[in-house]
Amino acid sequence: MALTRAQREQFLAEPHVAALAVDAGEGRAPLTVPIWYQYEPGGDLWILTGADSRKHELIRAAGRFSLLVERVEPTIRYVSVEGPVLDTRPATLDDLREISARYLPAEKVDGYVEFASKNHGESVIVRMRPERWVTSDLGTV
């Protein structure tokens, strides 16, 4: 059964690890990789990725990407969202801290932010407007 707008937006707002998919060019399947993301119901979503990463290069070329988030308990549910890139900007330490706090226990955030800022190189924020949604809750199959 498809989710209502409120259900899909609330589900997407939960801290699931997403599968990001983006066109990888002629003769290639889409690049599909796990990624952290940030989203609030009714708004745009954003990802943080390496400025020199293949993901960023492909997203820049395609001008859009999709995310798929899912769970299997307490019910089998997924949300897939696709849309255009609205903008890209350099990531800040505050951005890194925000997305890290979404996924990591509070006591791990500072250490991860310090490690990532020193070792992952320059990052960017890519903001996307959800345009197309595919959703389902299959219940407890």
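Parameters at a glance
Residues numbered from 1 in each chain as written. Predicted model: local features only at pLDDT ≥ 70, side-chain atom pairs only at ≥ 80, totals over all residues. Heavy atoms only, no water. Helix = DSSP H or I, 4+ residues; strand = E, 2+ residues; numbered from the N terminus. Rg over C-alpha atoms; globule rule 2.2 N^0.38 Å. Buried < 20%, exposed > 50% of the residue type's maximum accessible area, 1.4 Å probe, protein only. Contact = heavy atoms within 4.5 Å. Areas by Shrake-Rupley, 256 points an atom, 1.4 Å probe, with all protein chains shown as cover. Lys, Arg positive; Asp, Glu negative; His and termini not counted. Charge placed at Lys NZ, Arg CZ, Asp CG, Glu CD. Core = buried A, V, L, I, M, F, W, Y, C linked by side-chain atoms within 4.5 Å. Pairing = 2+ DSSP bridges. Salt bridge = Lys/Arg side-chain N within 4 Å of Asp/Glu carboxyl O. Phe/Tyr/Trp six-rings, centres within 6.5 Å; stacked < 30°, edge-to-face > 60°. Lys NZ or Arg CZ within 6 Å of the ring centre and 35° of its normal. Axes fitted to C-alpha atoms, helices over the stretch in contact; angles between N-to-C directions. Parallel < 35°, antiparallel > 145°, perpendicular 65-115°, else oblique. Left-handed = near helix turned anticlockwise from the far one by under 90°.

*Asks:* Would you mind going over the overall build of the protein in detail, with residue names and values included?
*Replies:* Along its length, the protein carries four helices and eight strands. When its helices and strands are written in sequence order, the protein yields α-β-β-β-β-α-β-β-α-α-β-β. Taking 141 residues into account, the globule formula puts the C-alpha radius of gyration at 14 Å, and the protein, at 15 Å, falls close to it. Taken across its 141 residues, the protein has 40% of its residues classed as buried. Restricting to contacts in the protein with at least 6 residues of sequence separation, those with at least 24 account for 70%. As displayed, the protein has an accessible area near 8100 Å², and 52% of this comes from carbon and sulfur atoms. Of the side-chain charges in the protein, 17 are positive and 21 negative, and the distance between the mean point of each set is 2 Å.

*Asks:* Quick rundown of the nonpolar core? Include the residues and the values.
*Replies:* Ranked by size, the top nonpolar core spans 35 residues in total, and within it Leu12, Leu20, Tyr37, Leu45, Ile47, Phe65 and Leu67 carry the most contacts. Beyond its immediate stretch of four places on either side in the chain, Leu12 contacts Tyr37, Tyr39, Leu45, Val69, Val79, Val81, Arg102 and Trp133.

*Asks:* Outline the pairing of strand β1 (residues 18-22), supporting the account with residue identities and numerical values.
*Replies:* Burial along β1 is one-sided: Ala18, Leu20 and Val22 are buried, and none of Ala19 and Ala21, which face the opposite way, are. One ladder, built from five bridges, connects β1 with strand β2 (residues 31-35); its direction is antiparallel. Counterpart to Val22 in the pairing with β2 is Leu31. As judged from the three bridges shared by β1 and strand β5 (residues 64-71), these two strands associate in the antiparallel manner. Note that in β5 the partner of Ala19 across the bridge is Leu68.

*Asks:* Before we move on, can you summarise the environment of Gln7 with the specific residues and values?
*Replies:* Take Gln7: it is sitting in helix α1 (residues 5-13). For Gln7 and Val79, which are 72 residues apart along the polypeptide, the C-alpha to C-alpha distance reads 9.7 Å.

*Asks:* Please give an account of the pattern of salt bridges that cites residues and values.
*Replies:* Per the stated rule, a full pass over the model turns up 12 salt bridges. Three or more residues joined by partner-sharing salt bridges are found here, namely Asp44, Asp87, Arg127 and Arg129.

*Asks:* Explain the packing of aromatic side chains residue by residue, including any values.
*Replies:* Taken as a whole and judged by the stated rule, the model has three aromatic pairs. Taking 4.9 Å as the distance between ring centres and 10° as the angle between the ring planes, the aromatic pair formed by Trp36 and Tyr103 counts as stacked. Of the two residues, Trp36 sits in the loop between β2 and β3 (37-39) while Tyr103 sits in helix α3 (residues 93-103), which places them 67 residues apart along the sequence. Overall, Tyr103 belongs to the buried group, its relative accessible area being 17%. In textbook terms, an aromatic cluster arises when at least three aromatic residues are bridged by ring pairs, as seen for Trp36, Tyr103 and Tyr112. Arg102 extends its terminal NZ or CZ atom over the ring of Tyr37, reaching a point 4.7 Å from the ring centre.

*Asks:* Tell me what's going on with unusual backbone geometry, and back it up with residues and numbers.
*Replies:* With an omega dihedral of 0°, the bond running from Glu73 to Pro74 counts as a cis peptide bond. As for its position among the elements, Pro74 is in the loop between β5 and β6 (76-90).

*Asks:* Outline the packing of α3 against helix α4 (residues 106-119), supporting the account with residue identities and numerical values.
*Replies:* Packing of α3 against α4 brings their axes to within 10 Å, and their N-to-C directions diverge by 135°. In this view, α3 runs oblique relative to α4, as classed from their interaxial angle. The two elements α3 and α4 cross, and the hand of that crossing is right-handed. From α3, Leu93, Leu96, Arg97, Ser100 and Ala101 reach across to α4, where they touch Val109, Asp110, Tyr112, Val113, Ala116 and Ser117.

Keep in mind that these numbers describe shape and distance, not what the molecule does.
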